[in-house]
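Each chain is listed here by its residues.
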Amino acid sequence: MTENKKLLDWVNEMAQLVEPDRIVWIDGSEEQLDRLRREAVEAGEMIKLNEEKLPGCFLHRTKPNDVARVEDRTFICTPTEREAGPTNHWCEPSEMYDKLYKIVRGSYKGRTMYVIPYSMGPIGSPLAKIGIELTDTRYVVLNMSIMARCGQKVLDTLGNGDDWVHGLHASCDVDPEYRYICQFPQDNTIISVNSNYGGNVLQGKKCFALRIASYQGKNEGWMAEHMLILGIENPKGEVKYVAAAFPSACGKTNLAMLIPPEIYKKQGYKVWTVGDDIAWMRVGADGRLYAINPENGFFGVAPGTNSHSNYNALKSTGRDTIFTNVALNLDDNTVWWEGLNQDLPQHAIDWRGNPWDPSKFDKADKSTCAAHPNSRFTAPAKNCPCLSEEFDKGTGVPISAIIFGGRRAKTAPLVYQSRSWNHGVFVGSIMGSETTAAAAGAVGVVRRDPMAMLPFCGYNMAEYFGHWIEMGKKIPHQPKIFNVNWFRTDDEGNFIWPGYGENMRVLKWILDRCEDKADAVESPIGYLPKAEDIDLEGLDVDRDTLKALLDVDRDLWREEVKGIKEFYAKFTYGFPQELNDELATLENNLK
Ligand code: GTP
Ligand code: SPV
Ligand code: MN
């Protein structure tokens, strides 16, 4: 399939290490994928679902100990600890290679090595980059084939080049004690072992497109971000694009596929999805910031997805989709998860593979759920009814606004705008959010997650902040930077803002601000909308509630400043003075 000597040598070298019985190169053909699907079903790795209702769809269950990313076992391996920085786990590369090689040595015995050539970004796009992942797991091959462009065409594009990310995945015994997700940015190398969960082993996604790519972006003058990209078409047919960074399981997929409320639909507004998780952004010849989505599919959170909350996501999962850790509805051999509908399946198998008793289901107790809270679907992007025409072009879309956001029960208002690029970088750097089931560990604890990149920045985060500041200087027509919070709660803990499609009302204000069409009021934290400038027509939210959603509580923000100082104190080397200045301004504004 290739005559690339460096590539062939590397595959051989790795094969000698892991000792597979055979090597299979993934060519990207439907025949080959179909054979792998059949084998996976025969081996009990996947369950074929109802062909009439869910054509081409399969269910897979991971081991119960392997259902989310493992941040405490994720390492950035650089010669010095300083390069990885205070927010990453670090290990010296040769030490980690030794450790990993011991774990994987001979681990493919009796198994097949699959060689997956993949492109992040449309093949041949000047913004795309190539990776080769070696894996012993059909599930990884089949997921990668949805999430990235894979096969012979990628090898043809690579030719005899040597610019590709080297990836080795070994499932070993899926033993959490020996689970490691390691990035070696200087070597363009990723090794993940003892896991089969998406974010750990679909290496094109978080390992490459964020951790390795963020490092490449810093060196090459571009940005790799944990951001959705969406286009909003106005009644005149003009499309403006925004990119938004929310932490894991905080609403990127939902916002990316939003359906505008009736009042906007009537006027002719439309929303187009470019990406739901990752954006690669570069300054274009016209001085604007251009973004591509390097992925080719959606690895989305299943629970809560339904025809009302996210019709387009649900539609995207209607065919050729792999479901992971959702429930199996035995009545019609389809899938179910909490929030899909109100009809609890009467005969179902839960995500662990055990019979599920609907009478014991208690919404408040996650252990009674049929689907795991971080169960996911892997769906081809081309299934999405609102996929942007720009998706496959690879030239990127110009970004008018960058939006940060997280889950904050109280502090952050529904929306505010930064006063400048540097202030916007500050707003991104102080992002806090309540943790979710997307990563192993406690759920619902507020933690700092700057730019939603805490688990994904492949180098020292202080330098990453510096890179943001530097990028601002290189973008003649900078996007405006905003912060949103869909998750404010009342005293009973209920969300005040209806969210989902209604978020369009906030996006509208954001776009109006970008075009100088909407007013704002100054506050200690930045510009806030006037309550009358957010359209509430057709919504069961009154002006007073909206005012409460926009309220900036000075006492809470003074507490917030303390938290930010504590967080900033972690950083010494490379921390930009601009952010300390912004912090001083905020503190001063709150006096
Ligand atoms: P990753 O794939 O982990 O990076 O997550 P994501 O940011 O794409 O998250 P996603 O859109 O899948 O949302 C995850 C959770 O947030 C689901 O439980 C949604 O129901 C919930 N959610 C999304 N948008 C809103 C909103 O506007 N309001 C509220 N209250 N919940 C929302
Ligand atoms: C996230 O956790 O941010 C995800 C899912 O998008 S995973 O690919 O598992 O990282
Ligand atoms: Mn994500």
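Keep in mind the model is a prediction, meaning the values are calculated, not measured. (Residues numbered from 1 in each chain as written. Chains lettered and ligands numbered in written order. Predicted model: local features only at pLDDT ≥ 70, side-chain atom pairs only at ≥ 80, totals over all residues. Heavy atoms only, no water.)

*Asks:* Help me get a handle on the coordination of the manganese ion (ligand 3), residues and values and all.
*Replies:* Looking at the metal site, the manganese ion (ligand 3) is ligated by Lys206 (NZ), His226 (NE2) and Asp277 (OD), spaced 2.2 Å from it. The sequence pattern describing where the donors of the manganese ion (ligand 3) fall on their chain is K-x19-H-x50-D. In this pair, histidine 226 is assigned in the loop between β12 (223–225) and β13 (228–233) and aspartate 277 in the loop between β15 (270–275) and β16 (279–283), connecting sequence segments 51 residues apart. (Donors = N, O, S within 2.8 Å, 3.2 Å for Na, K, Ca; no water. Helix = DSSP H or I, 4+ residues; strand = E, 2+ residues; numbered from the N terminus.)

*Asks:* Any chance you could break down the site of ligand 2 for me, citing the residues and the numbers?
*Replies:* As a matter of local geometry, ligand 2 sits amid Arg69, Tyr197, Gly199, Lys205, Lys206, His226, Ser248, Asp277, Phe299, Arg376, Ala438 and Phe456. The side chain of lysine 206 places a nitrogen or oxygen atom 2.5 Å from an oxygen atom of ligand 2. At a separation of 2.5 Å, an oxygen atom of ligand 2 approaches a polar side-chain atom of serine 248. Considering ligand 2 on its own, with 280 Å² of exposed area, one finds that the protein chains cover 98% of that surface. Class assignment for the residues of the shell around ligand 2 results in four nonpolar, three polar and five charged. Residues from two domains meet in the shell around ligand 2; each of domain 1 (5–46 + 66–221) and domain 2 (225–297 + 389–589) gives at least three. (Near = heavy atom within 4 Å. Polar contact = N/O pair within 3.5 Å; in protein donor to acceptor, adjacent residues only side chain to side chain. Areas by Shrake-Rupley, 256 points an atom, 1.4 Å probe, with all protein chains shown as cover. Nonpolar A, V, L, I, M, F, W, Y, C, P; charged D, E, K, R; others polar. Domains from an automatic or database assignment.)

*Asks:* Describe the nonpolar core, listing the residues and the values that go with them.
*Replies:* Counting 93 residues, the largest nonpolar core has Trp280, Met281, Ile402, Phe404 and Trp468 as its most contacted members. Split by domain, the residues of this core number at least three in each of domain 1 (5–46 + 66–221) and domain 2 (225–297 + 389–589). Excluding its chain neighbours within four sequence positions, the residues that come into contact with isoleucine 402 are Met227, Ala243, Met281, Leu289, Trp421, Trp468, Pro479, Lys480, Ile481 and Phe482. Judged by nonpolar contacts, the second largest core, of 67 residues, contains Phe246, Trp337, Phe391 and Ala520. (Core = buried A, V, L, I, M, F, W, Y, C linked by side-chain atoms within 4.5 Å. Buried < 20%, exposed > 50% of the residue type's maximum accessible area, 1.4 Å probe, protein only. Contact = heavy atoms within 4.5 Å.)

*Asks:* Could you give an account of the pattern of salt bridges, naming the residues involved and the relevant values?
*Replies:* Summed over the entire model, instances satisfying the criterion amount to 36 salt bridges. For aspartate 66, the salt bridge is made with arginine 179, and the minimal N-O distance between the two is 3.7 Å. Of this pair, aspartate 66 sits in the loop between β3 (58–60) and β4 (74–76) while arginine 179 sits in the loop between β9 (164–170) and β10 (180–184), placing them 113 residues apart in sequence. Sharing partners across several salt bridges, the network here consists of Lys205, Lys206, Lys252, Asp277 and Glu295. (Salt bridge = Lys/Arg side-chain N within 4 Å of Asp/Glu carboxyl O.)

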